Amino acid sequence: MLTVRNRLLLAKVEGTYGEDSSPSVADNAIECSTVRLNFIADLLSRDNLRSNISPVAPVVGKRYVEASFTCELKGSGTKGTAPRIGDLLQACAFSEVESAGSSVVYQPCSTGKSSVTMYVYDLDSASAVLHKITGAIGDVKLKASAGQYATLEFSMRGNYSTVADVSLPGSPTFETTVPPIVESAQFTINSVSTLVVQEVNLSMDNVIAERDDINSANGLKGFEVTGREPKGSFNPEAVLVATYNFWSDWVASSQRALSMVIGSASGNKITVTAPKVVVESIADGDRNGILTRDIPFRLGQNAGNDEIVLTLE
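Residues numbered from 1 in each chain as written. Predicted model: local features only at pLDDT ≥ 70, side-chain atom pairs only at ≥ 80, totals over all residues. Heavy atoms only, no water.

## Details of the packing of aromatic side chains
Under the definition given, this model contains eight aromatic pairs. Ring geometry for Phe-39 versus Tyr-160: centroids 6.2 Å apart, planes at 85°, classification edge-to-face. Remark: Tyr-160 occurs in strand β9 (residues 151-160) and Phe-39 occurs in strand β3 (residues 36-44); sequence separation between them is 121 residues. Relative to Tyr-121, the ring of Tyr-119 lies with its centre 6.3 Å away and its plane at 80°, an arrangement referred to as edge-to-face. An identical accessibility class is assigned to Tyr-119 and Tyr-121; each is buried. Members of the aromatic cluster, each reached through a chain of ring pairs, are Phe-187, Phe-234, Tyr-244, Phe-246 and Phe-297. Above the ring of Tyr-17, the side-chain terminus of Arg-211 is found at 5.7 Å from the ring centroid. (Phe/Tyr/Trp six-rings, centres within 6.5 Å; stacked < 30°, edge-to-face > 60°. Helix = DSSP H or I, 4+ residues; strand = E, 2+ residues; numbered from the N terminus. Buried < 20%, exposed > 50% of the residue type's maximum accessible area, 1.4 Å probe, protein only. Lys NZ or Arg CZ within 6 Å of the ring centre and 35° of its normal.)

## Digging into the nonpolar core
Among the nonpolar cores identified, the biggest contains 56 residues, and Phe-69, Met-118, Leu-142 and Phe-154 are the most heavily contacted of them. Met-118 has contacts with Leu-9, Leu-10, Ala-11, Ala-67, Phe-69, Leu-88, His-131, Lys-132, Ile-133, Ala-136 and Met-156, leaving out every residue within four places of it along the chain. Counting eight residues, the second-largest nonpolar core is a separate cluster that includes Leu-8, Tyr-119, Ala-128 and Leu-130. (Core = buried A, V, L, I, M, F, W, Y, C linked by side-chain atoms within 4.5 Å. Contact = heavy atoms within 4.5 Å.)

## A look at the pattern of salt bridges
Considering all chains together, one arrives at 14 salt bridges under this definition. The partner of Asp-122 in a salt bridge is Arg-7, with the nearest N and O atoms 2.4 Å apart. You can see Asp-122 sitting in strand β7 (residues 116-123) and its partner Arg-7 sitting in strand β1 (residues 7-13), a full 115 residues away along the chain. In this structure Asp-122 comes out as buried when scored by relative accessible area, which is 12%. Look at Arg-7 and you get partly exposed, because its relative accessible area is 28%. Measuring nitrogen to oxygen at the nearest pair gives 3.9 Å for the salt bridge that ties Asp-42 to Lys-62. Of this pair, Asp-42 sits in strand β3 while Lys-62 sits in strand β4 (residues 59-72); the two residues are 20 residues apart in sequence, bridging distant segments of the chain. (Salt bridge = Lys/Arg side-chain N within 4 Å of Asp/Glu carboxyl O.)

Pasting the structure below:
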């Protein structure tokens, strides 16, 4: 019997798209919540004329795999050294720039995008089922709630490979850093730092295109991020217009800078910045009897490929 929690995820950036990068338990094990796999195919009907109206059995055509899971947002523990979630961020159309002893910076990219190979093991006492997914790319959402650790929710798509029973992969080595709690986050919007905010959400909303290919297995060359529509939301307690006028920002489509800091320890501090936030709508909310404003927003570029930047220090 296999259980939901006895699952192991490995992920490693590919040197060439779709070519197995052979992630290892020693270097590429990713801590995450339950991994959900969904095997998807075009089911081809065969609606030919015949002497009766009974259906002919369909045939599975183009096929691929979706994987979804949530990871803790944390650094490697060493300034300038990328955390393992960095490989997954790169597969969501982020660039990764390491500055030794200083920082690792992730921001959206439009060219030179990366993919990952993912191994998902269903572990038994003596053996395992291996799901191998190559050419995986995807989308990511950041959630930061007060008093909790921040998370990254990944939704990935990749090429299907034959599922097989294999030997146990060995004991994984995970990063030892503990995710920082969302507190003393220095949240600001338009340089205003006095708002009482319970949660901030950011989503890249990547546009993922299938690359149909008659020469490739599964009828797919793979996937490509062809666009993005990043957005987010936050929910401050209601304040006087004199304190902050969200309505004037909304009416004028004012572009406001947003930032927050998660954590403070060296190698485990994450600064999130968005230079051009435009309020999409404003709705009343209720948090324990306190009037709040639910404010979704859109993210825009400043110089390009910078609508959201994660700086790990």
